[in-house]
Number of protein chains: 2
Amino acid sequence: MSLPHAILTALVEKPSSGLELTRRFDRSIGYFWSATHQQIYRELGKLEAEGLIRALPGRQPARGQKKSYEVLPAGRAELSRWTATPQDPKPLRDTMLLRLRAAAVVGTAGVEADLRRHLELHERQLAEYEEIERRDFPPGRDSAEDRLRHLVLRAGIDLETFWTQWLAHALAEFAELPGDEPA
Amino acid sequence: MSLPHAILTALVEKPSSGLELTRRFDRSIGYFWSATHQQIYRELGKLEAEGLIRALPGRQPARGQKKSYEVLPAGRAELSRWTATPQDPKPLRDTMLLRLRAAAVVGTAGVEADLRRHLELHERQLAEYEEIERRDFPPGRDSAEDRLRHLVLRAGIDLETFWTQWLAHALAEFAELPGDEPA
DNA sequence: CCCCATTGTGCAACTAGTTGCACAATGGGG
DNA sequence: CCCCATTGTGCAACTAGTTGCACAATGGGG
């Protein structure tokens, strides 16, 4: 539903091949939209068939050859249209929260270690985002584009901050909990 | 992947019919796991077929008749097993963030109104969660079960708090932005 | 020089979630 | 008393995302 628009955005920012897109999704784009290389290749095919993007002229190779894409005017128009279309926030689905709720009725065995592991993962992610912020958004640069992109990165940073704090809080609660309640 | 476990958790807490479950998913369970009635009915069928839950004895009616389910020992065991199994946090996919990133390259037309609308939605949600907190978790009650459930609700509250603050911040940035940049 | 690990592209089958209906039972208003 | 809005249950088709491979090109090490 939005993967094509994520790809269009990335390609407007910079024409890329499937692999380059995959790398970019693993890094900067990944903090608000994740995708696997299979999804990306499939979607590139569709977008090309629909006339929203096209392969950059040059060699037109078979498999195993880089093929770069750029956005056509129709693609840019579609991206514009989509961006301006209201959309509802999608409801939450979070396994860790569900597991804690389940732990309340079937016991907390095994959950604590995973809370700790998640805390580490989120701390690492947070550090990475803060590194990106330092590198890409030094004080002073404030074109409209920079501001918007910085805003998006801030959301990533604030979300990871929330998780690290919440997980730390959860672990503190666990420490105070009586032993594993039976059921 | 986790809907069956969400349903098991709900049914351990209190045996229910499909419709009652739907209502509970729309309220308290919904703040960490959302599901439609269609998903729920389908999953109830599967769980019954697998012997994890069973219809409460009583009238065994056809369509249009309430049928309540309770969790069987095998279901409780499965829920326990699942809760203790490590799982990776799932990567983020958020359309509003993507739209802002897209707006950076194709212009901000139309986004601001929707930011405002989202802010209102999240403020309403936040107020609702805080109401639940006041009602269900008055100071003093602190059985292990209460603490765990409160922890989960706190996550919901903190997440909504994050969104309201971030959206307010985004709107403030928009106010300072030069007019709509062309492309 | 050729083999095999690495890089890059892609298909197919599956799982999870959504959308759009269909239809049975119930019960209050005309 | 019967009609029709409401409540409750469910199927089917579709869309989005995941998993598991397959296979081509490339290039450095033996």
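Small disclaimer: the values here were computed from a predicted structure and weren't measured.

What follows is about the overall build of chain A. For chain A, the helix and strand inventory stands at 7 helices and 3 strands. Each helix and strand of chain A, ordered N terminal to C terminal, gives the series α-β-α-α-β-β-α-α-α-α. Over its C-alpha atoms chain A spans a radius of gyration of 21 Å, topping by over 25% the 16 Å that the globule rule assigns to 183 residues. Its C-alpha atoms give chain A principal-axis dimensions of about 65 × 40 × 35 Å. A burial count over chain A gives 50% of its 183 residues as buried. Sequence-distant contacts in chain A: of pairs separated by 6 or more residues, those separated by 24 or more amount to 61%. For chain A, the exposed surface amounts to about 9,200 Å²; the carbon and sulfur share of it is 52%. Across chain A, 26 positive and 28 negative side-chain charges occur, with their mean positions spaced 9 Å apart.

Mapped onto this numbering, the UniProt entry annotates "domain: Transcription regulator PadR C-terminal" (unreviewed entry) at residues 92-173 of chain A. Taken end to end, residues 92-173 of chain A has its terminal C-alpha atoms 23 Å apart, with 83% of it in helix and 0% in strand.

Turning to the sheet that holds strand β1 (residues 16-17) of chain A, a few remarks are in order. Two modes of strand pairing occur in sheets, parallel and antiparallel, and in both the strands are linked by backbone hydrogen bonds. Residue and element names in this part refer to chain A. Read across the open sheet, the 3 strands follow the order β1-β3-β2; overall the sheet is antiparallel. The outermost strands of the open sheet, each flanked by one partner alone, are β1 and β2 (53-55). Those strands touched by helix α3 (residues 37-49) are β2 and β3 (68-71), and its axis lies near 105° from that of β2.

All names here are of chain A. Mapped onto the secondary structure, Glu48 falls in helix α3. Sequence separation of Glu48 and Val71 is 23 residues, and the distance between their C-alpha atoms is 9.3 Å. Once residues lying within four places of it in the same chain are set aside, the contact partners of Glu48 are Ile53, Ala55, Lys67 and Tyr69.

A few words now on the sheet that holds strand β1 (residues 16-17) of chain B. Residues and elements named next belong to chain B. What the 3 strands build is an open sheet, ordered β1-β3-β2; its pairing is antiparallel. Among the strands making up the open sheet, the edge pair consists of β1 and β2 (53-55). In terms of strand pairing, β1 meets strand β3 (residues 68-71) through 2 bridges, oriented antiparallel. Counted as the bridge partner of Ser17 is Ser68 from β3.

This brings us to the interface of chain B and chain A. Counting residues at the interface gives 72 residues for chain B and 72 residues for chain A. Across the chain B/chain A interface, buried area totals approximately 6,900 Å², and carbon plus sulfur atoms make up 66% of it. In this assembly, chain B and chain A are joined by 8 salt bridges. With a closest N to O distance of 2.8 Å, B:Asp88 and A:Arg117 form a salt bridge. Where chain B touches chain A, the interface holds 26 residue pairs in polar contact (both at pLDDT 80 or more). Elements that contribute at least two residues to the side of chain B that touches chain A include exactly α1 (3-13), α4 (73-84), α5 (95-106), α6 (111-136) and α7 (144-176) of chain B.

Under the defined criterion, the tally for this structure stands at 8 aromatic pairs over all chains. Relative to B:Trp166, the ring of B:Trp163 has its centre 5.7 Å away and its plane inclined at 90°; by these criteria the two rings are edge-to-face. Placement of the pair is B:Trp163 and B:Trp166 together in helix α7, with a separation of 3 residues, close to one helical turn. Feature note: the residues A:Tyr31, A:Phe32 and A:Tyr129 constitute an aromatic cluster, connected by ring pairs.

This part covers the nonpolar core. If you look at the biggest cluster of nonpolar residues, it comprises 112 residues, and the most contacted ones within it are A:Ile7, A:Phe25, A:Trp166, B:Ile7, B:Phe25 and B:Trp166. Excluding residues within four positions of it along the chain, A:Trp166 makes contact with A:Met96, A:Leu97, A:Leu100, B:Leu151, B:Arg154, B:Ala155 and B:Asp158.

A separate point is the relation of the copies chain B and chain A. Aligned on chain A, chain B shows an RMSD of 0.0 Å; the corresponding rotation is 180° and the shift along the axis is 0.0 Å. Taken together, these values place the two copies in the relation of a two-fold axis. A shared interface surface links the copies, since 100% of the contact residues of chain B are contact residues in chain A too.

Turning our eyes to something else, we now look at the pattern of salt bridges. Overall, the coordinates contain 32 salt bridges over all chains when judged by the stated rule. With a shortest N-O distance of 3.3 Å, B:Arg147 and A:Glu176 are connected by a salt bridge. Within this pair, whereas B:Arg147 is found in helix α7, its partner A:Glu176 is found in helix α7 (residues 144-176), the two belonging to separate chains. Residue class for A:Glu176 comes out exposed when judged on its relative accessible area of 56%. Between B:Glu133 and B:Arg154 there is a salt bridge whose closest N-O contact spans 2.9 Å.

Attention now goes to the packing of helix α5 (residues 95-106) of chain A against helix α6 (residues 111-136) of chain A. Residues and elements named next belong to chain A. At a minimum axis separation of 11 Å, α5 and α6 run at an interaxial angle of 155°. In terms of axis orientation, α5 runs roughly antiparallel to α6. Between α5 and α6 the crossing geometry is left-handed. Of α6, the residues touching α5 (which contributes Met96, Arg99, Leu100 and Ala103) are Val111, Asp114, Leu115 and His118. Taken together, the residues that form the contact of α5 with α6 break down as 5 nonpolar, 1 polar and 2 charged.

Two faces make up the sheet, and in a regular strand the side chains alternate between them. Bridging between β2(B) and β3(B) involves 3 bridges; their strand directions are antiparallel. Bridge pairing in β3(B) places B:Arg54 opposite B:Glu70.

How each quantity is defined
Residues numbered from 1 in each chain as written. Chains lettered and ligands numbered in written order. Predicted model: local features only at pLDDT ≥ 70, side-chain atom pairs only at ≥ 80, totals over all residues. Heavy atoms only, no water. Helix = DSSP H or I, 4+ residues; strand = E, 2+ residues; numbered from the N terminus. Rg over C-alpha atoms; globule rule 2.2 N^0.38 Å. Buried < 20%, exposed > 50% of the residue type's maximum accessible area, 1.4 Å probe, protein only. Contact = heavy atoms within 4.5 Å. Areas by Shrake-Rupley, 256 points an atom, 1.4 Å probe, with all protein chains shown as cover. Lys, Arg positive; Asp, Glu negative; His and termini not counted. Charge placed at Lys NZ, Arg CZ, Asp CG, Glu CD. UniProt positions renumbered as here; feature names shortened; annotations may be inferred. Pairing = 2+ DSSP bridges. Axes fitted to C-alpha atoms, helices over the stretch in contact; angles between N-to-C directions. Buried area = accessible area lost by both parts, 1.4 Å probe. Salt bridge = Lys/Arg side-chain N within 4 Å of Asp/Glu carboxyl O. Polar contact = N/O pair within 3.5 Å; in protein donor to acceptor, adjacent residues only side chain to side chain. Phe/Tyr/Trp six-rings, centres within 6.5 Å; stacked < 30°, edge-to-face > 60°. Core = buried A, V, L, I, M, F, W, Y, C linked by side-chain atoms within 4.5 Å. Least-squares fit on C-alpha atoms with pLDDT ≥ 70 in both. Parallel < 35°, antiparallel > 145°, perpendicular 65-115°, else oblique. Left-handed = near helix turned anticlockwise from the far one by under 90°. Nonpolar A, V, L, I, M, F, W, Y, C, P; charged D, E, K, R; others polar.

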